[in-house]
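Next come the chains, spelled out residue by residue.
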Amino acid sequence: MIEEIKRVARQRLAAEGANLSLRAVARDMGMVSSALYRYFASRDDLLTVLILDGYNALGDAVEAADAAVTDRTRLRARWLSATRAVRDWALANRAEYALLYGSPVPGYAAPQDTIAAAARTPIVLAAILTDGYAAGIVTAAGFRRPASLPAAVQADLSRTRDQIAPGLPEELLHAGLTCWLQLFGVLSFELFGQLNNVIDARAEFFGQQMELMADLMGI
């Protein structure tokens, strides 16, 4: 029953966006809304489960794509494989992508237990840089710390580095974060229509952007 509720809720997300209601889901299932409260105490509980499922499904896809590159020293191949997996998943699961990376749902605040699932994809991307640095393939020598980097941002980078990429120089983490933002920025522009009448060759454009980001990271 829980899986059926989630399936119907995803259909609602695809049709109407994240403005989800248990009453609408119950109506689609031919049930009274009070019956759904036996499984989900509130709309927010249902949203949280859908968000966790989405992050974990994306994490599964990205981890598998990275692992498929058996030569772990082929950093660029790992990056391109992982980022293609992000795009493939997003295109196949547009409503879930919008729930994860689109506009915040009014009145909803994701609980702490979504953090680990949300971190799975960026951890894979950070590991590519970390592995390259540990192997001496990537160095910080070619990266200049931005002169205008505020002290507060520096502190954020240090904290994030300690959480997801221990030992990685902050210059490399800064480059990696830039590439991560570009990855999801390009995807969001594609999925939410900002590339309409601008770029038709979407897959080729995405691949070229990810190649540029690999150059930026020195992989």
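Here we summarise the structure given alongside this text. Given the structure is predicted, the values throughout are model-derived calculations rather than measurements. Here the residue numbers are simple positions, counted from 1 along each chain's written sequence. A pLDDT threshold of at least 70 governs which residues receive local features in this predicted model, and a stricter bar of 80 or more applies before side-chain atom pairs are shown or counted, although totals over entire chains, interfaces and linings include all residues. Note that the side-chain values use all heavy atoms of the structure and ignore hydrogens as well as water.

1. A short note on the overall build of the protein
1) Next: Helix and strand labels come from DSSP, where a helix needs a run of H or I of at least four residues and a strand needs a run of E of at least two; each type is numbered from the N terminus. Broken down by element type, the protein carries 10 helices and zero strands.
2) Next: Seen in sequence order, the protein has helices and strands lined up from the N terminus as α-α-α-α-α-α-α-α-α-α.
3) Next: Expressed as lengths along the three principal axes of its C-alpha atoms, the size of the protein is roughly 65 × 40 × 35 Å.
4) Next: Per-residue accessibility, obtained with a 1.4 Å probe over protein chains only, is compared with the maximum for each type, and a residue is labelled buried under 20%, exposed over 50%, and partly exposed between these values. Here the protein holds 219 residues, and the buried ones make up 43% of them.
5) Next: Residues count as neighbours in contact if any of their non-hydrogen atoms are within 4.5 Å of one another. Once local pairs closer than 6 in sequence are excluded, the contacts in the protein between residues at least 24 apart make up 72%.
6) Next: A total accessible area of about 11,200 Å² is found for the protein, and carbon and sulfur atoms account for 55% of it.
7) Next: The convention is simple: Lys and Arg are positive, Asp and Glu are negative, and His and the chain ends are not counted. The atom standing in for a charge is NZ when the residue is Lys, CZ when it is Arg, CG when it is Asp and CD when it is Glu. Mean positive and mean negative side-chain charge positions of the protein (21 and 24 charges, respectively) differ by 2 Å. To be clear on the numbers: accessible area is Shrake-Rupley with a 1.4 Å probe, and residue cover counts the displayed protein chains and nothing else.

2. Some points on the layout of surface pockets
1) Next: Note on definitions: the grid is 1 Å and covers protein atoms alone; a cavity is a set of points where a 1.4 Å probe fits but cannot get out; a pocket is an open set with protein on both sides within 12 Å along at least five of seven lines; lining residues have an atom within 4 Å of a point. Grid points are joined across faces, edges and corners, and a volume is the space filled by probe spheres set on the points. By volume, the largest pocket is sized at about 690 Å³.
2) Next: Forming the walls of the largest pocket are 29 residues, and the residues nearest its centre are Tyr55, Ala118, Ala119, Pro122 and Trp180.
3) Next: When residues of the lining of the largest pocket are traced back to their parent elements, those giving at least two are helix H4 (43-67), helix H6 (94-101), helix H7 (115-134), helix H8 (151-164) and helix H9 (170-191).
4) Next: The leading source of residues in the lining of the largest pocket is H7, at eight residues.
5) Next: Note on residue categories: nonpolar means Ala, Val, Leu, Ile, Met, Phe, Trp, Tyr, Cys or Pro, charged means Asp, Glu, Lys or Arg, and polar means any other residue, Gly included. For the lining of the largest pocket, the class distribution of residues is 23 nonpolar, six polar and no charged.

3. Some details on the pattern of salt bridges
1) Next: Whenever Lys or Arg places a side-chain nitrogen within 4 Å of a carboxyl oxygen from Asp or Glu, that contact is recorded as a salt bridge. Under the defined criterion, the tally for this structure stands at 18 salt bridges.
2) Next: With a closest N to O distance of 2.8 Å, Arg43 and Asp44 form a salt bridge.
3) Next: Across the salt bridge formed by Arg78 and Asp66, the nearest N and O atoms sit 2.7 Å from each other. Placement of the pair is Arg78 in helix H5 (residues 75-92) and Asp66 in helix H4, with a sequence separation of 12 residues.
4) Next: By relative accessible area, Arg78 is classed as buried at 1%.
5) Next: A single salt-bridge network, built from bridges that share partners, covers Glu3, Lys6, Arg10, Asp53 and Glu96.

Function cannot be inferred from these measures alone, as they are strictly geometric.
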